[in-house]
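Architecture at a glance
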Amino acid sequence: MLQEKIQQYTKEIEAFNPKSADDAEAFRLKFLVTKGIVRNLFEAFKTVPVEEKRVLGKVLNEFKQLAESRYATFQEQFSSASSASKQAQYDLTLPGEGFAVGSRHPLSLVRKEIVEIFKKLGFTVAEGPEIEDDWHNFTALNFPPEHPARDMQDTFFIKKQEGNDIALRTHTSSVQVRMMENGTPPFRSIMPGRVYRNEAISARAHCFFHQVEGLYIDEGVSFADLKQTLYYFVQELFGADTKVRFRPSYFPFTEPSAEMDISCTICKGKGCQLCKQTGWVEILGCGMVDPNVLNNCGIDSTKYSGFAFGMGIERITNLKYEIKDLRLFSENDVRFLSQFDTELI
Ligand code: DAH
């Protein structure tokens, strides 16, 4: 009887306990191949009287599922053993697979380059807080209360408090103040860091970006020192054929003040889209530190003088790498970020 045979094989399958992949294969050959037991039983099923077919068909299908699922379990049981034996065939003398390392952010690369250049001139690196008070961000830097110059920078205020609001710093010039308040001249430092302004985010503006501030204070420092320092910086960063020019400007904390342009890095001064056909692009603001600022910071302005400058790292990076959209710097798309770092970390 077919049903008895099925019961007998069911017992056999349930008791089957393979010890190796070979045993499992023997199971497959016995039960699951074309001429195996499962198929044979299905063949025999064809001759079963119709009235028995309903019940027996169900039993037979369950038997087939049992055989298949047991075999699947055996396969799993021995697959790790078989992969272990495959491992034994690896050639361990071959070099390993490299794994991807990160790359430095283009802004970090350019900041590092700027720092290296100024280090050669004896500048140290200093930092200050990103959350600043009104004194360090504005008042000590000679921005009078209600002076329109304060409107030049739209500020994220954290706390309004009488006489000394707390805000996210709008420029790294605040670090100059901290440095002068807390030390004694001479000062020769650059101060890189993140700054914040309340701007709508677009390809050309962002609510945060990065600056490098510079400060040089000593006895007898002149505008000639300022010019030569910045000229050296530009030659090192953009190449010896880069020209510079200074245009008079205004900042509350410097007098006289200037903006510095360099000959366009793309067209070399011939005129192109980047330089709006002028041949020049602006890269920084600078000037002689206003005596009021020195006095505000406890430095004797009759004895000491000096210069300061401030530049945007994004701006410099855009010029160096021709990046047209500021948002790329903060989107963290590795396809963008991995293009710049040529050294492995
Ligand atoms: N703080 C200015 C800005 O954010 C940049 C600047 C201009 C800094 C002139 C300076 C300076 O130290 O002397 O636009």
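Look a little higher up for the structure.
Residues numbered from 1 in each chain as written. Predicted model: local features only at pLDDT ≥ 70, side-chain atom pairs only at ≥ 80, totals over all residues. Heavy atoms only, no water.

The helix and strand tally for the protein chain stands at twelve helices and ten strands. Dimensions of the protein chain, computed from the C-alpha atoms along their principal axes, are close to 120 × 50 × 40 Å. Counting every position in the protein chain, which comprises 345 residues, the buried fraction comes to 42%. Taking the intrachain contacts of the protein chain between residues at least 6 apart in sequence as the baseline, contacts between residues at least 24 apart amount to 66%. Summing over all exposed atoms, the protein chain offers an accessible surface of approximately 19,800 Å²; the carbon and sulfur share of this is 51%. (Helix = DSSP H or I, 4+ residues; strand = E, 2+ residues; numbered from the N terminus. Buried < 20%, exposed > 50% of the residue type's maximum accessible area, 1.4 Å probe, protein only. Contact = heavy atoms within 4.5 Å. Areas by Shrake-Rupley, 256 points an atom, 1.4 Å probe, with all protein chains shown as cover.)

Across the ten residues that make up strand E8 (residues 254–263), a large majority, eight, are buried. Where strand E7 (residues 244–251) meets E8, seven bridges bridge the pair, whose relative direction is antiparallel. Within the sheet, the bridge partner assigned to Pro248 lies in E8 and is Ala258. The antiparallel hairpin formed by E7 and E8 contains two residues in its connecting segment. Judged from the eight bridges that link them, E8 and strand E9 (residues 280–289) form a sheet pairing that is antiparallel. Considered in E9, the bridge of Thr254 is made with Val289. (Pairing = 2+ DSSP bridges.)

Taken in spatial order, the three strands line up as E2-E4-E3 in an open sheet, and their pairing is antiparallel. Taken across any chain shown, the strands that pair with only one partner, and hence form the sheet edges, are strand E2 (131–133) and strand E3 (157–159). Across the sheet, the mean angle separating the axes of adjacent strands is 35° when strand polarity is ignored. (Axes fitted to C-alpha atoms, helices over the stretch in contact; angles between N-to-C directions.)

The next subject is the site of the ligand. Taken together, 16 residues are adjacent to the ligand, and His171, Ser173, Arg197, Gln211 and Glu213 come closest. Contact distances for the ligand include 3.0 Å between an oxygen atom and a side-chain N or O atom of Gln211. Between the ligand and Phe309 there is a distance of 3.3 Å, counted from an oxygen atom to a backbone nitrogen or oxygen. Within the complex, 90% of the 350 Å² of free accessible area of the ligand lies under protein. Taking a 2 Å distance to the grid points as the criterion, the majority of the atoms of the ligand fall inside the largest pocket. (Near = heavy atom within 4 Å. Polar contact = N/O pair within 3.5 Å; in protein donor to acceptor, adjacent residues only side chain to side chain. 1 Å grid on protein atoms, 1.4 Å probe; cavity = no way out; pocket = protein on both sides within 12 Å on 5 of 7 lines; lining within 4 Å. Sits in = over half its atoms within 2 Å of the grid points.)

Turning our eyes to something else, we now look at unusual backbone geometry. Cis geometry marks the peptide bond from Pro185 to Pro186, where omega comes out at 5°. Within the element layout of this structure, Pro186 appears in the loop between helix H7 (173–182) and strand E5 (187–196). Residue Pro256 follows Glu255 across a cis peptide bond; omega there is -5°. With respect to the element layout, Pro256 can be found in strand E8. If you check the backbone angles, Asn332 has positive phi at about 60° while not being a glycine. Here Asn332 lies in the loop between helix H11 (328–331) and helix H12 (334–337).

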